[in-house]
Amino acid sequence: MSRSTKKGPHVDEKLYRKVERQVESGRKVPIKTWARDCTIVPEFVGMTFQVHNGRAFNEVFCTEDMVGHKLGEFSPTRVFRGHTNKKEGLSS
Amino acid sequence: MPRIAGVDIPEKKKILYSLQYIHGIGPKVAADILAKTGIDPNRRASELDDQELSSINSTIDTGFVVEGALRRQVQQDIQRLKDIRCLRGDRHRKGLPVRGQRTRTNARTRKGRKKTVAGKKGVKG
């Protein structure tokens, strides 16, 4: 079920304020964040975030196409290294 | 044979159902089109005259995306997801279910036919 339109998109407030401050003072450093559930709003376009995936921060550069997606969608939390190969012993 | 929205030529069936042979037209849209043009849904496709067919054609042209255009649109939407390298795009690329379904079992529609692996499921390889 999709989110109620009444509420508008979920945007992490702290992060939003940080973005505003950066826009005011001219763009500069990427913003580290844990707010994976934060929707990318048009104001974020052109900003770079470092989105935590539980282990490390992945750089995410926001483009216009990404508006409406969540930050977490761009920072995968799982690593798939292929299945084990029984014949050659443990993982190949 | 009547010809609607390009190449589609369903006949003999009631027009309500023959319209559904067009990609992008299901029960809902077929009924909507007939209501808009004022054609009785119970009539056979072959019974319609040229004028009625052209009125169906023009309603489809103006209000609905069907066939090639629709397929292209879907393809573009998927391509967009792939291009921005988000999770959903990744799942499309890997041919796995996109909407969070389990993949330990099932998911055969996306993954295709079973590839049996020796040594799995207790059968020592």
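Further up the page is the structure itself.
These remarks concern the structure in this document. None of these values were measured; they are calculated from a predicted model.

Residue and element names in this part refer to chain B. Positive phi, normally seen in glycine, also occurs at Lys12, with a value near 65°. Relative to the assigned elements, Lys12 resides in the segment before helix H1 (15-18). In this structure, Asn106 is a non-glycine residue whose phi angle is positive, near 60°. By relative accessible area, Asn106 is classed as exposed at 54%.

Another aspect to go through is the sheet that holds strand E1 (residues 31-33) of chain A. Residue and element names in this part refer to chain A. Ordered by their spatial adjacency, three strands build an open sheet running E1-E2-E3, and the pairing between neighbours is mixed. The sheet terminates laterally at E1 and strand E3 (57-61), the two strands that pair on one side only. Mean inter-strand twist for the sheet, computed between neighbouring axes without regard to direction, equals 30°. Contacting E1 and strand E2 (48-52), helix H1 (residues 13-24) runs over the sheet at an angle of about 180° to E1.

Let us now look at the side chain of His52(A). Residue and element names in this part refer to chain A. Turning to its location among the elements, His52 is positioned in strand E2. Polar contacts involving the side chain of His52 include one to the main-chain carbonyl oxygen of Ala56, which spans 3.5 Å. In contact with His52, not counting residues within four places along its chain, are Thr33, Trp34, Arg36, Phe57 and Ser75.

What follows is about empty space enclosed by the protein. Residues and elements named next belong to chain B. By the definition in use, this model includes one cavity of 30 Å³ or more. Looking at the largest cavity, its volume works out to about 40 Å³. Every residue along the wall of the largest cavity is listed here: Pro2, Arg3, Ile4, Pro10, Ile15, Ser18, Leu19 and Ala45. Across the lining of the largest cavity, the residue classes tally to six nonpolar, one polar and one charged.

What follows concerns the layout of surface pockets. Residues and elements named next belong to chain B. Estimated volume of the second largest pocket: approximately 160 Å³. For the lining of the second largest pocket, the element with the highest residue contribution is helix H4 (residues 67-83), accounting for five residues. Broken down by class, the residue content of the lining of the second largest pocket amounts to four nonpolar, one polar and four charged.

What follows deals with the interface of chain A and chain B. Taken together, the eight residues of chain A in the interface contact eight residues of chain B. Among the residues of chain A in contact with chain B, Asp65(A), His69(A) and Glu73(A) are the three that bury the most area, contributing 51% of the side total. Our count for the contact surface shared by chain A and chain B stands at zero salt bridges. Of the residues contributing to the side of chain A that touches chain B, the split by class is two nonpolar, two polar and four charged.

Analysis parameters
- Residues numbered from 1 in each chain as written.
- Chains lettered and ligands numbered in written order.
- Predicted model: local features only at pLDDT ≥ 70, side-chain atom pairs only at ≥ 80, totals over all residues.
- Heavy atoms only, no water.
- Helix = DSSP H or I, 4+ residues; strand = E, 2+ residues; numbered from the N terminus.
- Buried < 20%, exposed > 50% of the residue type's maximum accessible area, 1.4 Å probe, protein only.
- Pairing = 2+ DSSP bridges.
- Axes fitted to C-alpha atoms, helices over the stretch in contact; angles between N-to-C directions.
- Contact = heavy atoms within 4.5 Å.
- Polar contact = N/O pair within 3.5 Å; in protein donor to acceptor, adjacent residues only side chain to side chain.
- 1 Å grid on protein atoms, 1.4 Å probe; cavity = no way out; pocket = protein on both sides within 12 Å on 5 of 7 lines; lining within 4 Å.
- Points joined across faces, edges and corners; volume = space filled by probe spheres on them.
- Nonpolar A, V, L, I, M, F, W, Y, C, P; charged D, E, K, R; others polar.
- Buried area = accessible area lost by both parts, 1.4 Å probe.
- Salt bridge = Lys/Arg side-chain N within 4 Å of Asp/Glu carboxyl O.

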